Amino acid sequence: FSSRRRHTRYGTVTGVQTCALPILSPRPAPAQEWPQFRGPDGQGVVAELNLPDEFGEETNLGFKIAVPGKGWSSPVVSRGICWLTTAVPTEVDPGRVAEVKAERLKGNPMAGQMEILESVSLRAIAIDLATQKIIRDVELFSIRNPEPIHSLNSYASPTPVIAEGRLLCHFGNLGTAAVELATGKVLWKTRLPLEHSVGPGSTPVVVDNRLIIPCDGTDRQFVAALDVATGQELWRVPRPRMSGENGDFHKAFSTPLVIHDGTRRQVIIPGAQWVVAYDPETGKTLWQVRHGDGFSNSPRPVFAQGLVF
């Protein structure tokens, strides 16, 4: 899959209202795993051969299925089940749209580019790749009057992660939750407050029993690690000091990359002005580099030949 969306990380459009979710042919075997954004190593590398290099409505299409809601998150796969997240909207009454926009977007310099909803249902969807049917539709959060979001973003942009028999779903400041893969049971929920300005975008990563989440908002910037089993916060560290007073130039949406440099593991997380490497166990800063002024940084790093790009 390949797509690019502004204000999110690069990834796959998993479902847009009632649009189809394409699955490339040949269909993945049940043994194949794709547990996180950009695959098993997080860098988009696969060992399979003879994959199709193009697809469309008439080319290399295995099947398609309607997905409720809208989400820019990428699918993840475990044991022949494809999971994705989506945001099912309840629109504001047409007669109240002007009034609500005036109230909720007052003073917002991007008001003309923002969307508002009455409420949104944030969900995890499971599709059986063998039967080509939705087998689970799990509501994780129901949010009334969610913060306005950029029209090019979605409330379900971060990609879920599969680890320890769980689907770990992150929706930015709207909530983070764990779903048991075998039963669809919601195991825990929590929230990490911050202001995104344009909606969520960063995808978390799992290291051992830690779900590591970048939280680069306009009002605060930090990295947090949650216990995969319980959702309890294990550590939280502030990001390096940002220059300038405009919080819009402090936000970012990058996804961490876990590497091993031959001696130790590092979690590399770019931000609006800095790239920082953290110890996944403690959150200790291992190194940091200021790359200059920027904002809304969204790519995931890559690592090769001893270098982080």
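Conventions and cut-offs
Along every chain, residues carry numbers that run from 1 in the direction the sequence is written. Residues qualify for local features only when their pLDDT is at least 70, as the model is predicted, and side-chain atom pairs are given and counted only at 80 or more; totals for whole chains, interfaces and linings, by contrast, use all residues. Note that water and hydrogens are dropped before the side-chain values are worked out from all heavy atoms of the structure. For each residue, the accessible area found with a 1.4 Å probe, counting protein chains only, is set against the maximum for its type, and the residue is called buried under 20%, exposed over 50%, and partly exposed in between. Note on conventions: DSSP H or I runs of at least 4 residues are helices, E runs of at least 2 residues are strands, and numbering of each starts at the N terminus. At least two bridges found by DSSP between two strands is the condition for calling them paired. The convention used is that axes are lines fitted to C-alpha atoms, helices contributing only their stretch in contact, and that angles between N-to-C directions extend from 0 to 180 degrees. What is meant by a nonpolar core is a set of buried Ala, Val, Leu, Ile, Met, Phe, Trp, Tyr and Cys residues, joined one to another through side-chain atoms within 4.5 Å. Residue contacts are defined here by distance: any two heavy atoms, one from each residue, within 4.5 Å place the two residues in contact.

With 5 of its 5 residues buried, strand 21 (residues 274-278) lies for the most part within the structure. Here strand 21 shows two buried faces, one formed by Trp274, Val276 and Tyr278 and the other by Val275 and Ala277. Hairpin connection from strand 21 to strand 22 (residues 285-290): 6 residues lie between these consecutive antiparallel strands, with Gly283 at a positive phi of about 85°.

Turning next to the sheet that holds strand 18 (residues 233-238). Ordered in space as 15-16-17-18, the 4 strands form an open sheet in which the pairing is antiparallel. The open sheet has two free edges, formed respectively by strand 15 (205-207) and strand 18, since each of these has just one partner strand. Sheet twist, expressed as the mean angle between neighbouring strand axes with direction ignored, is 25°. Inspection of the sheet shows strand 15 paired to strand 16 (residues 210-216) by 3 bridges, in the antiparallel sense. Counted as the bridge partner of Val205 is Ile212 from strand 16.

With that out of the way, let us pick up the pairing of strand 14 (residues 186-190). By the bridge criterion, 4 bridges tie strand 13 (residues 176-180) to strand 14 in an arrangement that is antiparallel. Note on strand 14: the bridge partner recorded for Thr176 is Thr190. Hairpin geometry of strand 13 and strand 14 is characterised by an intervening segment of 5 residues between the two adjacent antiparallel strands and by a positive phi of about 80° at Gly184.

The subject of this paragraph is the nonpolar core. Trp83, Leu122, Leu140, Tyr155, Leu167 and Phe171 are the most contacted members of the largest nonpolar core, which has 24 residues in total. Leave out the neighbours within four places in its chain, and Leu122 touches Thr86, Ala87, Val138, Glu139, Leu140, Phe141, Ile143, Tyr155, Phe171 and Leu174.

On to the environment of Pro240. Tracing the sequence through the fold places Pro240 in the loop between strand 18 and strand 19 (257-260). A residue is classified by how much of its surface remains accessible, and Pro240, at 12% relative accessible area, is buried. When the C-alpha atoms of Pro240 and Gln221 are compared, they prove to be 8.4 Å apart, with 19 residues separating the residues in sequence.

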